[in-house]
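A closer look at the structure
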Amino acid sequence: MDSPTQNILIVDFGSQVTQLIARRVREAGVYSEIAPFTTAAEAFERLKPAGVILSGSPASVLDAESPRVPDVIFDSGLPVLGICYGQQVMMHQLGGEVTLGDSGEFGRAFIEIADRCELFDGMWAEGETHQVWMSHGDKVTALADGFRPVASSPGAPFAVIANDAKRYYAMQFHPEVVHTPDGGRLIANFARHVCGLAGDWTMAEFRDAKIAEIRAQVGDGKVICGLSGGVDSAVAAVLIHEAIGDQLTCVFVDHGLMRAGEADQVVSLFRGAYNIPLVHVNAEALFLNGLAGLTDPEAKRKFIGKTFIDVFEDEAKKIGGAGFLAQGTLYPDVIESVSFTGGPSVTIKSHHNVGGLPERMNMQLVEPLRELFKDEVRALGRELGLPEIFVGRHPFPGPGLAIRIPGEVTKERCDILRKADAIYLEEIRNAGLYDAIWQAFAVLLPVRSVGVMGDGRTYDNVLALRAVTSTDGMTAEVFGFPGDFLPRVATRIVNEVRGVNRVTYDYTSKPPGTIEWE
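Please read all numbers here as calculations on a predicted model, not as lab measurements. (Residues numbered from 1 in each chain as written. Predicted model: local features only at pLDDT ≥ 70, side-chain atom pairs only at ≥ 80, totals over all residues. Heavy atoms only, no water.)

Things to note about the pattern of salt bridges
Rule in force here: Salt bridge, as applied in this entry: a Lys or Arg side-chain nitrogen positioned within 4 Å of an Asp or Glu carboxyl oxygen. Each residue's exposure class comes from its accessible area (1.4 Å probe, protein chains only) as a fraction of the maximum for that residue type: buried when under 20%, exposed when over 50%, partly exposed otherwise.
Counted by the stated rule, this structure contains 31 salt bridges. For Arg382, the salt bridge is made with Glu388, and the minimal N-O distance between the two is 2.8 Å. What makes Arg382 partly exposed here is its relative accessible area of 42%. The class for Glu388 is partly exposed, based on a relative accessible area of 43%. For Arg488, the salt bridge identified is with Asp484, shortest N-O distance 3.4 Å.

Quick look at the side chain of Arg418
Defined as follows: Strands here mean DSSP runs of E at least two residues long; helices mean DSSP runs of H or I at least four residues long; both are numbered from the N terminus. Only heavy atoms matter for contacts: two residues are in contact if any of them lie within 4.5 Å across the pair.
You can see Arg418 is positioned in helix α15 (residues 411–430). Its relative accessible area of 14% is what places Arg418 among the buried residues. In this structure Arg418 touches Gly256, Leu257, Met258, Arg259, Ala260, Glu284 and Leu401, once residues within four positions along its chain are discounted.

Section: unusual backbone geometry
The omega torsion of the bond from Lys510 to Pro511 falls at -15°, within 30 degrees of zero and hence cis. Structurally, Pro511 is set in the segment after β18 (500–505). Cis rather than trans, the peptide bond between Pro511 and Pro512 has omega equal to 10°. By the secondary structure assignment, Pro512 is in the segment after β18. One non-glycine residue, Cys84, lies in positive phi territory at about 55°. Accessibility expressed as a relative area gives 4% for Cys84, which makes it buried. Backbone geometry at Arg167 places phi at a positive 60°, although glycine is not the residue there. Along the polypeptide, Arg167 turns up in the loop between β8 (156–163) and β9 (168–171).

Quick word on the environment of Gln364
Locating Gln364 in the fold gives a position in strand β14 (residues 364–366). Taking C-alpha positions, Gln364 is 43 Å from Tyr507, a pair spaced 143 residues apart along the chain. Not counting the four nearest positions on each side in its chain, Gln364 is found in contact with Gln217, Gly323, Phe324 and Leu325.

So, the pairing of strand β4 (residues 80–83)
Selection rule: Think of it this way: DSSP has to see at least two bridges between two strands before they count as a pair.
Along β4, one buried face is formed by Val80 and Gly82 and the opposite face, lined by Leu81 and Ile83, is buried too. Looking at chain direction, strand β3 (residues 51–54) and β4 are connected through three bridges and run parallel. Counted as the bridge partner of Ile53 is Leu81 from β4. Pairing of β4 with β9, which is carried by four bridges, proceeds in the parallel orientation. When the sheet's bridge partners are listed, Ile83 is paired in β9 with Met171.

Function cannot be inferred from these measures alone, as they are strictly geometric.
Take a look at the structure:
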């Protein structure tokens, strides 16, 4: 094998939080990629990593069909870090013992540090107690040769173990979640101290590498990029334009389902500030006519996705001669969902993308952001000089307001929602809270309520407000506004938005809810 590169491979055994491991590694300034256990051997040969992290899993190593670590990883002599199931499968394959726990350990726990360990350098010392997050039923009951215990908890006698000679380390808890306060530092110690990586992966380096990659892929060809008005497609377009200039043409399909003023912002930014060739298609009537009568969320999403493709394809044919299609695809969209049996995972809801468009049009894909998480895309946007009001914008779904209007979507309902949403976001910005919130928006409910305005009875729409905090959108907590904020917003909306007489606030976290309502 060639010498290792400056990256970490993460083997996914089906944990719901595997993406967080990659994020923690990257936060340490080290590039990382995730591969499902079914293709981990091939990924290992391709990436030539400096170290490997084994994820958690809902599986039990005691089951005959449970996933295993490819032999090439343990045969490589590289450092390995096992997390939860990763610890158990490491012991199971290397000669230790795993048994079914009597009661398991779930949630917050405290471990006692029994001995020094390279993972603990600069943070934990012998005799100290530290909070972690446990989620396991099985537990390690005997260590493989060469391993020693370095931390324990009441439910896990081998909470952290180490084989210093082989540079194998493993822990029963989850360091990747925020509920393990020092977890990011543990993962950083593995990547930088144990694997010896410099931790100097930067967005400037990524930008330069991607520009060279785009030029090599495209040559003197023409690229078409579909702009949605969101951060992802905008950053992708600006990056590609920096690489190939006027070989890029952007197509903005305006479906009439955007927030107030956003369509104008997109046109102004790309035609004005960046002078990027832009085709602006006003397709509001087409989309709204097609949405008439549709109430099922998936039906609405699929109609919008298909219609977007149809309109985009028509415009691309008018432009002619493009051999490449650019997309703002992100890493969470391309990480293969993996169940611990190796089969398909459940789809919660379909996502708005161009689907089969590249095949239909015989085009190659250019996806310069496909290795990045959302916050990294924002960092790249800043590196490229995009204005903060654009880069820092809250996430917005591809189907737009259509999935913030449960039930049938009409122009009247879109206009009501647009105005109420603008008031809500304006008040959030005025209060200096916008950047503290991951996503905030209004939802126009398919419900009417009785109200009193002046001396008259009203029977009008109910609006729900939502605001959440999150690091990546995978989980989310409700944002707690100051005491007078929501009443002030509700008063403004009821007074200023004709057709709304009642405002509610959504207190549901994710899970059990999703961030969007549909």
